[in-house]
Each structure stands twice: as C-alpha cells, then as structure tokens.
Amino acid sequence: KQEVTQIPAALSVPEGENLVLNCSFTDSAIYNLQWFRQDPGKGLTSLLLIQSSQREQTSGRLNASLDKSSGRSTLYIAASQPGDSATYLCAASWNTGNQFYFGTGTSLTVIP
Amino acid sequence: EADIYQTPRYLVIGTGKKITLECSQTMGHDKMYWYQQDPGMELHLIHYSYGVNSTEKGDLSSESTVSRIRTEHFPLTLESARPSHTSQYLCASSERAGTDTQYFGPGTRLTVL
C-alpha cells in the first residue's frame, strides 16, 4: 500500500529563517509528487509539481527536491515570512497520475 | 488563479436528509476529483472522473455518488446523510494530459446532526 508521511507535524520558526519540510513515501516507482499549501478553513493551493524524471523545481523562495531512491522529497523555504504560516501537504501518485496519496501535513508557524 | 467553485461552503443538516454538494470549474479540465478530509488527517480520494460520463471510486469507501454529465460540473450526492458523514469535502480538477497539477476549490464543511 502506498503511503506518504510528513514529519514533523508542526514547526515554529522565527521570521527570516530558512527551513526544510520533509515528505517520505513508501514506493520509489513514483509518477509525480506535488506540494500544496492549505490555509485554515480553505482549500489547497498548488505550490510545486515534480515529475518522476526531475530532481527539483523552484518557484520564488520555494525549492522542492525529489530523491526517488531514498523515497524522499523536501520543500525548502528561504527567508521565511509570517505570511508563510500555513499547513504544507505533499501528495504522490504512482500510476498515470489519476490518484494522489496525501500526507497529513506539517503545520508551519513563522513568528514575527 | 484557478477557477473552481464549491457550494455551499458550510452546511448543517439533520440525519436522513438527501444533499448534493456542487463543484464547478471553468478551466475545461477533463479530470475532476472529490476528497474527504477530517481535521488533522490526510485527504482521502473518494471519487474521480476522467471526463464526461466517466466516474470511478477512490480508495476510501464512501456512501456518496457522483455524476459527470458536463465537463465543468461534478456534483456529489448523499442520499441519506448520517453523523459519520460529517467532514470537509474538497473538489479538485486537473488537465487531462501534460501536467497533473491539481487545482482545489475552497471546500464544503458538512455537519450532520
């Protein structure tokens, strides 16, 4: 059974700090992996999508990497801001991308 | 910004009622999805669709049903709501080919008394 795990469940950092969020998955034959942001009471916003043939993707202060052999992906956030406070979810798919499996998320708080 | 809408945003109903949660997208996406999310838990796929007249069940067993008569519309129906159906329901869509970036609606928070 494919599973996606995110540790830690919660993280607090002071403003300006660089941070890394972790995502691990059980099957290295991944098709793609997506990182999302979820604000309280709202839907998910897609941040980055990494295809299985890619090693990383970048968008602004965000950088996501994918290491299939070790079953891990990381989301790097540079120079964190209070507006980055949210829950970050990763989701992986193992077939043609029709079904994503989600982790439980990491709740990030950036303290001003 | 993605154009995917869900109504109602919040719904409180009594046991036994029939309800339909609406989801619409204006991006012309073929793939659409329904997820269920309980507080602090991961999202679970309950239904998805490849296109018009195509629907499939996800991993999580659900008593709900869906239909896809039009590309832009993917409603979810509960024939007889129960307290165990209390949850957040999230709708998403993505392009058929190429990227599989999923765009999510704001969700419907359902409470069954």
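Residues numbered from 1 in each chain as written. Chains lettered and ligands numbered in written order. Predicted model: local features only at pLDDT ≥ 70, side-chain atom pairs only at ≥ 80, totals over all residues. Heavy atoms only, no water.

Draft legend 1. Representation of the interface of chain B and chain A in the model. Across the contact, 24 residues belong to chain B and 22 residues belong to chain A. Summing both sides of the interface, chain B and chain A together bury roughly 1,700 Å²; the carbon and sulfur share of this comes to 47%. Applying the counting rule to chain B against chain A returns 3 residue pairs in polar contact (both at pLDDT 80 or more). Elements with a contribution of two residues or more to the side of chain B that touches chain A: strand E4 (31-37), strand E5 (44-51) and strand E9 (87-94) of chain B. When the residues that make up the side of chain B that touches chain A are grouped by side-chain class, the tally is 10 nonpolar, 9 polar and 5 charged. (Contact = heavy atoms within 4.5 Å. Buried area = accessible area lost by both parts, 1.4 Å probe. Polar contact = N/O pair within 3.5 Å; in protein donor to acceptor, adjacent residues only side chain to side chain. Helix = DSSP H or I, 4+ residues; strand = E, 2+ residues; numbered from the N terminus. Nonpolar A, V, L, I, M, F, W, Y, C, P; charged D, E, K, R; others polar.)

Draft legend 2. Region of the structure containing the sheet that holds strand E3 (residues 19-25) of chain B. Residue and element names in this part refer to chain B. Pairing in this open sheet of 4 strands is antiparallel, and the strands run E1-E3-E8-E7 from one edge to the other. Edge positions in the sheet fall to strand E1 (4-7) and strand E7 (65-66), since each of these pairs with one other strand and no more. By the bridge criterion, 2 bridges tie E7 to strand E8 (residues 76-78) in an arrangement that is antiparallel. Its bridge partner being in E8, Thr 65 is matched across the sheet by Thr 77. (Pairing = 2+ DSSP bridges.)

Draft legend 3. Seen up close, the state of the cysteines. In this structure the tally under the stated criterion is 2 disulfides over all chains. Between the sulfur atoms of Cys 23 of chain A and its disulfide partner Cys 90 of chain A the distance amounts to 2.0 Å. Linking Cys 23 of chain A and Cys 90 of chain A, the disulfide has an S-S dihedral of approximately 75° and is accordingly described as right-handed. One end of the pair, Cys 23 of chain A, is in strand E3 (residues 19-25); the other, Cys 90 of chain A, is in strand E9 (residues 86-93), with 67 residues separating them in the sequence. The side chain of Cys 23 of chain B participates in a disulfide bridge whose partner is Cys 91 of chain B; the two sulfur atoms lie 1.9 Å from each other. Because the sign of the S-S torsion sets the handedness, a value of about -75° for the bond joining Cys 23 of chain B and Cys 91 of chain B places this disulfide among the left-handed ones. Of this pair, Cys 23 of chain B sits in strand E3 while Cys 91 of chain B sits in strand E9, and the two are 68 residues apart along the sequence. In terms of burial, Cys 23 of chain B and Cys 91 of chain B fall into one category: buried. (Disulfide = S-S within 2.5 Å. Buried < 20%, exposed > 50% of the residue type's maximum accessible area, 1.4 Å probe, protein only.)

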